[in-house]
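Structural overview
Single-letter residue listing:
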Amino acid sequence: LAAEEAELGSGGKVKVPGLSKKGKKKNDLSLLEDALVSEAEKKSKSKKRADQLRKEKEAEIQKRKQSEEEPVDPLLQNTNQMLSGAVGREANKEAMESASGLDAALHSLDVGAASDVKRRKALYLAFEEKMLPVVKEENPGLRLTQYKEKIFNLWKKSPENPANRKDV
């Protein structure tokens, strides 16, 4: 008994030859099994990595597609259009060169736009003067602003309005 205690030392654990730390017996079969399991684990890990890389690539492709499909900022789009064509003074020169004669040059500069506004306003005022007694007769007791609102709604639909004419 004293000899056994001397062999054990102070730890009290008995060392049995042929057993590992976990208590399994290490023989050829267990070594082969451990090698196969570790090989399978390596394969599964590499397969998982490959799947993860493939998914990341797909996600990256999706992001690219979405960024291409997103509408461009209107200011940036306008800037791009301006850069592709003539802008400012160059555009005016091109318009003037294409216009032959005084009328065409004035038309390209829209000088006649002010007189067009005055003409439309005069047409509306004439329409308002003509329709005010008719609307007052149909709707007595309203305020002047209410009459004018009704006349303006009639003007929007009227064939006298140049905006409603197809030839203008």
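For the structure itself, look to the data block above.
Below: a short report on this structure. (Residues numbered from 1 in each chain as written. Predicted model: local features only at pLDDT ≥ 70, side-chain atom pairs only at ≥ 80, totals over all residues. Heavy atoms only, no water.)

The next subject is the overall build of the protein chain. Secondary structure summary: the protein chain contains seven helices and zero strands in total. When the helices and strands of the protein chain are read in sequence order from the N terminus, they spell out α-α-α-α-α-α-α. Going through the 168 residues of the protein chain one by one, you find that 8% of them count as buried. Summarising the internal contacts of the protein chain: among those between residues at least 6 apart in sequence, 29% fall at separations of at least 24. Element-wise, carbon and sulfur atoms account for 55% of the exposed surface of the protein chain, whose accessible area totals about 15,200 Å². (Helix = DSSP H or I, 4+ residues; strand = E, 2+ residues; numbered from the N terminus. Buried < 20%, exposed > 50% of the residue type's maximum accessible area, 1.4 Å probe, protein only. Contact = heavy atoms within 4.5 Å. Areas by Shrake-Rupley, 256 points an atom, 1.4 Å probe, with all protein chains shown as cover.)

What follows covers the packing of aromatic side chains. With the rule as written, the count across this model stands at three aromatic pairs. With 6.0 Å between their ring centres and 80 degrees between their planes, Tyr-124 and Phe-152 make a pair best called edge-to-face. On the criterion of sequence distance, the pair formed by Tyr-124 in helix α6 (residues 113-138) and Phe-152 in helix α7 (residues 144-157) is long-range, its members being 28 residues apart. Note on Tyr-124: relative accessible area 16%, which makes it buried. Ring-pair connections join several aromatic residues into one group, and the members of that group are Tyr-124, Phe-127, Phe-152 and Trp-155. (Phe/Tyr/Trp six-rings, centres within 6.5 Å; stacked < 30°, edge-to-face > 60°.)

Here Glu-128 shows up in helix α6. The class for Glu-128 is buried, based on a relative accessible area of 14%. When sequence neighbours within four positions are dropped, the list of residues in contact with Glu-128 reads Lys-148 and Ile-151.

Turning our attention to the environment of Asn-164. Take Asn-164: it is sitting in the segment after α7. Setting aside residues up to four positions removed in sequence, Asn-164 forms contacts with Trp-155, Lys-156, Lys-157 and Ser-158. At a separation of 2.7 Å, a polar atom in the side chain of Asn-164 contacts the main-chain carbonyl oxygen of Lys-156. (Polar contact = N/O pair within 3.5 Å; in protein donor to acceptor, adjacent residues only side chain to side chain.)

This next bit is on α7. Because each turn of an α-helix spans 3.6 residues, side chains separated by three or four positions in sequence point in the same direction. With 14 residues, α7 extends 20 Å from end C-alpha to end C-alpha; this agrees with the ideal 20 Å at 1.5 Å per step. When α7 is considered as a whole, its buried residues turn out to be Tyr-147, Ile-151 and Trp-155. Taken around the axis of α7, the buried residues stretch over an arc of 80 degrees, which confines them to a single face. Opposite the buried face of α7, at more than 90 degrees from it, the exposed residues are Thr-145, Glu-149 and Lys-157. (Expected span 1.5 Å × (residues − 1). Arc of directions from axis to C-beta.)

Note that all results are geometric; they support no functional claim without further evidence.
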